[in-house]
There are 2 protein chains.
Amino acid sequence: MSDHQAINLRQKLSLFHEKYSPRIVAQLNDYHFKVAKLEGEFLWHSHPETDEAFLVIEGELTLEFRDGAVVLGPGELYVVPRGVEHKPVAEKECHLLLIEPAATVNTGDAGGERTVIPQWI
Amino acid sequence: MSDHQAINLRQKLSLFHEKYSPRIVAQLNDYHFKVAKLEGEFLWHSHPETDEAFLVIEGELTLEFRDGAVVLGPGELYVVPRGVEHKPVAEKECHLLLIEPAATVNTGDAGGERTVIPQWI
């Protein structure tokens, strides 16, 4: 009998409090599933090499674009196409699932001090 | 102002009733996000070329393996590794999100009459 364990996203989110610091919860081929807590504004950036999927679990996330914005609530998904500048903004604390290639950096082409190397949780 | 639209998973699921007939809702690079409704037993199969991610949205899904099983409730994720035989079973209707390469066939190496070509919804 092997040990097959469900990954409970809310339980994983309960294990940390840092904002804009994604934690890896699963791997699918060379992609990572990451949970993250957001509050406040992130920085404008893009990922020239990859699309990036956002699925909101709790709260509300606004993704600002140079030509508009989309607001995501729980159970809502959006895929930011590669190379498209975006700025995540959460007025209140928001919990989400990110799906992207394992090598994707949170700050994309912008880099800087808000760059984090995500850890498994 | 461009038209950025959230993809609401429950709204997408309200648009069809067929069981074991995944519908594509989003694309991330060469991967598809698919919503599906399951009820009853599927068949034993594996995907020799790819991992496959299951995220339950509503209801309960059992993934049976040759050496055990995992039960997933809402907000729970499991990644079936490539080549691992599995059989999805839902005693009652279950709604879920699948994430896998665009070319992935629902019946994997088993094939047969339950194979479906997923459409966008």
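Residues numbered from 1 in each chain as written. Chains lettered and ligands numbered in written order. Predicted model: local features only at pLDDT ≥ 70, side-chain atom pairs only at ≥ 80, totals over all residues. Heavy atoms only, no water.

Caption draft 1: The nonpolar core, seen in detail. The biggest cluster of nonpolar side chains holds 34 residues, and the ones touching the most others in it are Phe33(A) and Phe33(B). Setting aside residues no more than four positions away along its own chain, Phe33(A) makes contact with Arg23(A), Ile24(A), Val25(A), Ala26(A), Leu28(A), Leu97(A), Leu98(A), Ile99(A), Ala53(B), Leu77(B) and Ile99(B). (Core = buried A, V, L, I, M, F, W, Y, C linked by side-chain atoms within 4.5 Å. Buried < 20%, exposed > 50% of the residue type's maximum accessible area, 1.4 Å probe, protein only. Contact = heavy atoms within 4.5 Å.)

Caption draft 2: Molecular detail of the environment of Trp120(B). Tracing the chain through its elements places Trp120(B) in strand β9 (residues 119-120). Through-space distance from the C-alpha of Trp120(B) to that of His32(B) is 9.9 Å; in sequence the pair is 88 residues apart. (Helix = DSSP H or I, 4+ residues; strand = E, 2+ residues; numbered from the N terminus.)

Caption draft 3: Highlighting unusual backbone geometry. Residue and element names in this part refer to chain A. Of note, the phi angle at tyrosine 20 is positive, near 50°, even though the residue is not glycine. In this structure tyrosine 20 comes out as buried when scored by relative accessible area, which is 9%. A positive phi angle, near 55°, is found at asparagine 29, a position not held by glycine. Of the residues examined, asparagine 29 reaches a relative accessible area of 15% and is grouped as buried.

Caption draft 4: View of the layout of surface pockets. Its volume calculated, the largest pocket comes out at about 300 Å³. Together, 14 residues line the largest pocket, and Val56(A), Gly75(A), Arg10(B), Ile57(B) and Gly75(B) are the ones closest to its centre. Elements that contribute at least two residues to the lining of the largest pocket include exactly α1 (9-13) and β4 (52-58) of chain A together with α1 (9-13) and β4 (52-58) of chain B. Looking at the lining of the largest pocket, its residues break down into 10 nonpolar, two polar and two charged. (1 Å grid on protein atoms, 1.4 Å probe; cavity = no way out; pocket = protein on both sides within 12 Å on 5 of 7 lines; lining within 4 Å. Points joined across faces, edges and corners; volume = space filled by probe spheres on them. Nonpolar A, V, L, I, M, F, W, Y, C, P; charged D, E, K, R; others polar.)

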